[in-house]
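What follows is each chain in one-letter form.
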Amino acid sequence: RDSVASRGLGDVYKRQKRHRMRIMALDLGEKKTGVAISDSDHLLAIPHGILKTDSAEFFEQLASIAMEYSITRIVLGLPLSLDGAPRRQARWVKSMQKKISNQLNLDVETWDERLSTVAVQHLPKKTKKLKKNQNPIQEDADAAAFILQGYLDRKKNVSAQNQNSKWIQKEKDD
């Protein structure tokens, strides 16, 4: 079976410099998937668009985006209930995680997507007016950006905490 990974795309990313790397997030649905991409500094999540999940070209389209934007990691929104228990669709997302990782030869993580779509639907009215010509399915790309922004913010906070811990330890040792 011919996979995108068999063509060595993962190796291409490993040779590139970190500052050019980006992270992609997917708000997976059985029919359509929202896509968002980080900036190269991993500070901002930017809605990219929508892919048809049930399309025969789904993995090829993901690979194309990954190649174009030098994606090194993919984050999938994991549907959890408000109490943190996996929802019905979580098992399907986990199976897609394996398929995407195998097809693209990239690291694929899951991230709690609780309330991401609801949050996007409740953007302030002023913001919605700016996007009044926007297609309603664009909310899936916005939800993917919401998921990715949470992931990026958490990574920044963990990195900052680690730096602070190292500094504090160094001060104690001196």
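This text follows the structure it describes.
Now for a quick tour of the structure. In this text, all values refer to a predicted model and were calculated from it rather than measured experimentally.

### Quick notes on the sheet that holds strand E2 (residues 32-38)
Ordered in space as E3-E2-E1-E4-E5, the 5 strands form an open sheet in which the pairing is mixed. Single-partner strands in this sheet number two, and they are strand E3 (45-52) and strand E5 (107-112). Taking the axes of each pair of neighbouring strands and ignoring which way they run, one obtains an average angle of 25 degrees across the sheet. Looking at chain direction, strand E1 (residues 22-27) and strand E4 (residues 71-78) are connected through 5 bridges and run parallel. Directly across from Leu-26, in E4, lies its bridge partner Leu-76. Packed onto the sheet, helix H2 (residues 58-68) meets E1, E2, E3 and E4 and runs at close to 155 degrees relative to E3. Set on the sheet, helix H3 (residues 90-104) makes contact with E1, E4 and E5; between it and E4 the angle comes to about 170 degrees.

### Digging into the packing of aromatic side chains
Throughout the structure, instances matching the rule amount to 2 aromatic pairs. A ring pair is formed by Phe-58 and Phe-59, whose centres lie 5.4 Å apart and whose planes are at 75 degrees; its orientation type is edge-to-face. By relative accessible area, which is 1% here, Phe-58 ends up buried. A relative accessible area of 22% means that Phe-59 is categorised as partly exposed.

### Regarding the pairing of E3
Here E2 pairs with E3 via 7 bridges, running antiparallel. When the sheet's bridge partners are listed, Val-35 is paired in E3 with Gly-49.

### Looking at H2
Considered for burial, the residues of H2 that qualify are Phe-58, Leu-62, Ala-63, Ile-65 and Ala-66. Take H2 and look down its axis: the buried residues cluster within an arc of 165 degrees, on one side only. Looking one or two places after H2, you find Ser-70, whose phi comes out positive at around 55 degrees.

### Quick notes on the nonpolar core
Core analysis: the biggest nonpolar cluster contains 23 residues, and Met-24, Leu-26, Leu-62, Ile-74, Leu-76 and Ile-100 have the highest contact counts within it. Of all elements in the fold, only E1, E2, H2, E4 and H3 reach the threshold of two or more residues within this core. Residues within four places of Leu-76 in sequence aside, it is in contact with Leu-26, Leu-28, Val-93, Met-96, Gln-97, Ile-100, Val-108, Glu-109, Thr-110 and Trp-111. Grouped together as the second largest cluster of nonpolar side chains are 11 residues, Ala-25, Ala-45, Ala-144 and Ile-147 included.

Conventions we followed
- Residues numbered from 1 in each chain as written.
- Predicted model: local features only at pLDDT ≥ 70, side-chain atom pairs only at ≥ 80, totals over all residues.
- Heavy atoms only, no water.
- Pairing = 2+ DSSP bridges.
- Helix = DSSP H or I, 4+ residues; strand = E, 2+ residues; numbered from the N terminus.
- Axes fitted to C-alpha atoms, helices over the stretch in contact; angles between N-to-C directions.
- Contact = heavy atoms within 4.5 Å.
- Phe/Tyr/Trp six-rings, centres within 6.5 Å; stacked < 30°, edge-to-face > 60°.
- Buried < 20%, exposed > 50% of the residue type's maximum accessible area, 1.4 Å probe, protein only.
- Arc of directions from axis to C-beta.
- Core = buried A, V, L, I, M, F, W, Y, C linked by side-chain atoms within 4.5 Å.

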